[in-house]
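# Inside the fold
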Amino acid sequence: MLAIAGLIGRGAVFVVIGFFLVQAAWQIDPQEAGSSSEVLGAAARAPYGAWLLGGLAVGLIAYGLYAIVQARYRQIDV
């Protein structure tokens, strides 16, 4: 369950960043692409921005925990 929530959260962040990259490409203005902090700032200004950022934060925390578990317990056959 942790892995699913983490991967969904990570995917959601990539979708939001991708949306802004496509929007910048559509307008042919590379300065509009912005960094991830600008993307998250724009998400915070959305009507449900606090909920959106909270969901993204929970998803990224879940992904971090999933990565820690994978790093600790994954078996790599040589």
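In this report, the structure presented in the accompanying data block is examined. One numbering rule holds for all chains: residues counted from 1, following each sequence as written. The model is predicted, so local features are restricted to residues of pLDDT at least 70 and side-chain atom pairs to those at 80 or more, both for listing and for counting; the totals for chains, interfaces and linings are taken over all residues. Each side-chain value is worked out from all heavy atoms of the structure, with water and hydrogens disregarded.

## Notes on the overall build of the protein chain
- Counting secondary structure elements, the protein chain contains 3 helices and 0 strands.
- By definition, any uninterrupted DSSP run of H or I lasting at least four residues is a helix, any uninterrupted run of E lasting at least two residues is a strand, and each is numbered from the N terminus. Its helices and strands taken in sequence order, the protein chain reads α-α-α from the N to the C terminus.
- We call a residue buried when its accessible area falls under 20% of the maximum for its residue type, exposed when it is over 50%, and partly exposed in between, using a 1.4 Å probe and counting protein chains only. The 78 residues of the protein chain split such that 15% are buried.
- Residue contacts follow a heavy-atom distance rule, with two residues in contact if any of their heavy atoms lie within 4.5 Å. Relative to all contacts within the protein chain whose residues are 6 or more apart in sequence, the contacts with residues 24 or more apart total 53%.

## Observations regarding the packing of aromatic side chains
- Centres within 6.5 Å are what make two rings of Phe, Tyr or Trp a pair, Trp counting through its six-membered ring; a difference in plane orientation under 30 degrees is then read as stacked, over 60 as edge-to-face, and the rest as tilted. Under the counting rule described, the total for this entry stands at 1 aromatic pair.
- Here Y63 and Y66 contribute two aromatic rings whose centre-to-centre distance is 6.1 Å and whose plane-to-plane angle is 45°, an arrangement assigned as tilted. In this pair, Y63 and Y66 are both assigned in helix α3 (residues 49–73), 3 residues apart and thus about one turn of the helix distant.

## Points about the environment of V13
- Within the secondary structure, V13 sits in helix α1 (residues 2–27).
- As a C-alpha pair, V13 and L53 span 40 residues in sequence and 9.7 Å in three-dimensional space.
- Residues contacting V13, with those up to four places away along its chain left out, are L56 and L60.

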